[in-house]
Amino acid sequence: MHTITLINGDGIGPEISDSVIKIIKASGLEINWDIQTAGADVAAVEGVPLPERILESVRKNKVALKAPVTTPIGKGFRSVNVQLRKDLDLYANLRPCKNLPNVKTRFENVNLVVVRENTEDLYAGIERMADKDTAESIKIITRKASERICKFAFDYAVKNNRHEVCVVTKANIMKMSDGLFLESYRKIAENYPQIKKREILVDNLCMQLVQDPSRFDVLVLPNLYGDIVSDLTAGLIGGLGVAQGANIGENCAVFEPVHGSAPDIKGQNKANPTALLLSAVEMLKYIGENSYAEKIECALFKTLSQDVKTVDLGGNATTTEFTEKIIENL
Ligand code: NAI
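From a predicted model like this one, the values you see are computed outputs, not experimental measurements.

Definitions and cut-offs
- Counting from 1, residues in each chain are numbered in the order their sequence is written.
- The predicted origin of the model limits local features to residues at a pLDDT of at least 70 and limits the giving and counting of side-chain atom pairs to 80 or more, whereas totals for whole chains, interfaces and linings rest on all residues.
- With hydrogens and water stripped out, all remaining heavy atoms of the structure feed into the side-chain values.
- Classification of ring pairs uses Phe, Tyr and Trp, with its six-membered ring standing for Trp, and accepts pairs whose centres are within 6.5 Å; under 30 degrees between planes counts as stacked, over 60 as edge-to-face, and the remaining range as tilted.
- Starting at the N terminus, helices and strands are each numbered in turn, a helix being any DSSP run of H or I of at least four residues and a strand any DSSP run of E of at least two.
- Note on classification: 1.4 Å probe, protein chains only; a residue is buried when its accessible area is under 20% of the maximum for its type, exposed when over 50%, partly exposed between these limits.
- Definition used: whenever NZ (Lys) or CZ (Arg) falls within 6 Å of the ring centre and also within 35 degrees of the ring normal, the charge is taken to sit over that ring.
- What makes two strands pair is DSSP finding at least two bridges between them.
- With axes taken as lines fitted to C-alpha atoms, and helix axes fitted only over the stretch in contact, angles between N-to-C directions fall between 0 and 180 degrees.
- Near, as used in this document, describes a residue that has one of its heavy atoms within 4 Å of the molecule or strand being considered.
- Each polar contact in these results corresponds to two N or O atoms within 3.5 Å; when the atoms are within protein, one needs to be able to donate a hydrogen and the other to accept it, and residues that are neighboring in sequence are counted only if both atoms are side-chain atoms.
- Per-residue and other accessible areas were derived by the Shrake-Rupley procedure at a 1.4 Å probe size, with only the shown protein chains allowed to occlude residues.
- Charged residues are taken to be Asp, Glu, Lys and Arg, nonpolar residues to be Ala, Val, Leu, Ile, Met, Phe, Trp, Tyr, Cys and Pro, and polar residues to be all remaining types, Gly included.
- Using a 1 Å grid laid over the protein atoms alone, points where a 1.4 Å probe fits but cannot get out form a cavity; open sets with protein on both sides within 12 Å along at least 5 of 7 lines form a pocket; any residue with an atom within 4 Å of a point counts as lining.
- Grid points are joined across faces, edges and corners, and a volume is the space filled by probe spheres set on the points.
- For the domains described, the bounds stem from an automatic or database domain assignment.

**Observations concerning the packing of aromatic side chains**
1) Next: Taken as a whole and assessed by the stated rule, the structure comprises 4 aromatic pairs.
2) Next: Measuring from ring centre to ring centre gives 4.9 Å for F154 and Y192, while their planes differ by 15°; the resulting arrangement is stacked. One end of the pair, F154, is in helix α5 (residues 143-159); the other, Y192, is in the loop between α6 (177-189) and β9 (196-201), with 38 residues separating them in the sequence. Take F154 and Y192: they sit in the same class, and that class is buried.
3) Next: One aromatic cluster is present, built from ring pairs that chain together F154, Y185 and Y192.
4) Next: Sitting above the plane of the Y123 ring, R116 keeps its charged end 5.5 Å from the centroid.

**Re the sheet that holds strand β12 (residues 253-257)**
1) Next: Pairing within the open sheet is mixed, and its 10 strands lie in the order β2-β1-β3-β12-β11-β4-β5-β10-β8-β9. The open sheet terminates on both sides in strands that have one partner only, identified here as β2 (31-36) and β9. The average angle at which neighbouring strand axes cross in this sheet is 25°, direction not considered.
2) Next: As judged from the 4 bridges shared by strand β5 (residues 111-117) and strand β10 (residues 218-221), these two strands associate in the parallel manner. Across the sheet, the residue bridging to V114 is L219, located in β10.

**Notes on the site of the ligand**
1) Next: In the region of the ligand, 20 residues are neighbours, and V69, G260, A262, D264 and N272 sit closest.
2) Next: At a separation of 3.1 Å, an oxygen atom of the ligand approaches a polar side-chain atom of N81.
3) Next: Between an oxygen atom of the ligand and a side-chain N or O atom of D264, the distance comes to 2.8 Å.
4) Next: Contact with the protein chains hides 68% of the accessible area of the ligand, taken as 820 Å² for the molecule alone.
5) Next: Broken down by class, the residue content of the shell around the ligand amounts to 9 nonpolar, 7 polar and 4 charged.

**Brief notes about the layout of surface pockets**
1) Next: Its volume calculated, the largest pocket comes out at about 800 Å³.
2) Next: Among the secondary structure elements, those contributing two or more residues to the lining of the largest pocket are β4 (92-98), β5, α5, β11 (244-248), α9 (274-286) and α10 (290-305).
3) Next: Residues that form the lining of the largest pocket fall into these classes: 15 nonpolar, 5 polar and 8 charged.
4) Next: When residues of the lining of the largest pocket are assigned to domains, at least three fall in each of domain 1 (1-93 + 245-330) and domain 2 (106-236).
5) Next: In this structure, the second largest pocket spans a volume of roughly 460 Å³.
6) Next: Lining of the second largest pocket is provided by 27 residues; of these, S79, N81, V82, R85 and R116 occupy positions nearest its centre.
7) Next: Counting residues per element, the lining of the second largest pocket draws most heavily on helix α4 (residues 80-87), which supplies 4 residues.
8) Next: When grouped by side-chain class, the residues that make up the lining of the second largest pocket number 8 nonpolar, 12 polar and 7 charged.
9) Next: Three or more residues apiece are contributed to the lining of the second largest pocket by two domains, here domain 1 (1-93 + 245-330) and domain 2 (106-236).

Below, the structure is given as structure tokens:
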């Protein structure tokens, strides 16, 4: 039996975690969940929102499913999400974006994957006031991290029968930093003759994505562009309630939805568990449980096709009703 860390989060986190655990159990797959609490309530008791016990649990189990955690504002805490990625060296942020049945959006043919470098770029947090009227932020791009993420993107493409990996930079302006990312892509690409190559500037990419997203397959980007573009692509398929994600490193992986803890709908039985469920489906594929992953995905798609949808998708089902329908469809 698999033992998997479950960080059940706060806000809507516990509600959607409960839904996903029930659905996985009903699929027939037994998982031993190592449940770990994190966030503001934990900080009040244990002093920090992400205690060492959670990191130890993920290191031991190697795989975690994570619901959203609120980042307390102005209390001096680092974001739990940023800290997890950094401490566990989860260098690849993976966001598959594919249309869902009966979720109406502007485009009907979106099927792309955003691979974002997760550890450096302007997110290294190296900033200073050069003088009282001038702020500086340093963009770090290393050959090691760039080659590692490009290799990840090409390996992902091969493993998932994708045809093209497109690198996204602004290397015409940032000739050294983005130039190094591009150079790393070109070097790694030589090892994958079966995958099509493509290079695009980030501004052109954004325009083309909103004109016709079907032009793209796998995208690999440095951290900042990846952050922005992956929210844009989440919008192309129906928004936060359905956008899944994963943070993957050499030794462990944390699967989590893109959305936050949605305090405005906490405890109202309104939250859409789809993004966490799709993150769990990707997690099941990662641990080799492909048949259960497909079974759950089919039951979700059938439920949406039957027009059972939560409020954020224009339906009127509660979290509980939506969960029960998926279980029935399994
Ligand atoms: P949010 O994503 O929590 O909410 C934005 C809007 O989308 C809200 O109106 C919310 O009701 C709606 N929404 C989000 N997820 C939904 C779902 N599953 N079903 C239905 N509606 C949903 O963003 P916000 O309000 O900016 O952040 C709230 C807190 O979450 C903050 O403390 C933030 O730091 C944290 N956060 C945590 C993340 C994580 O743990 N990975 C990621 C993003 C934000």
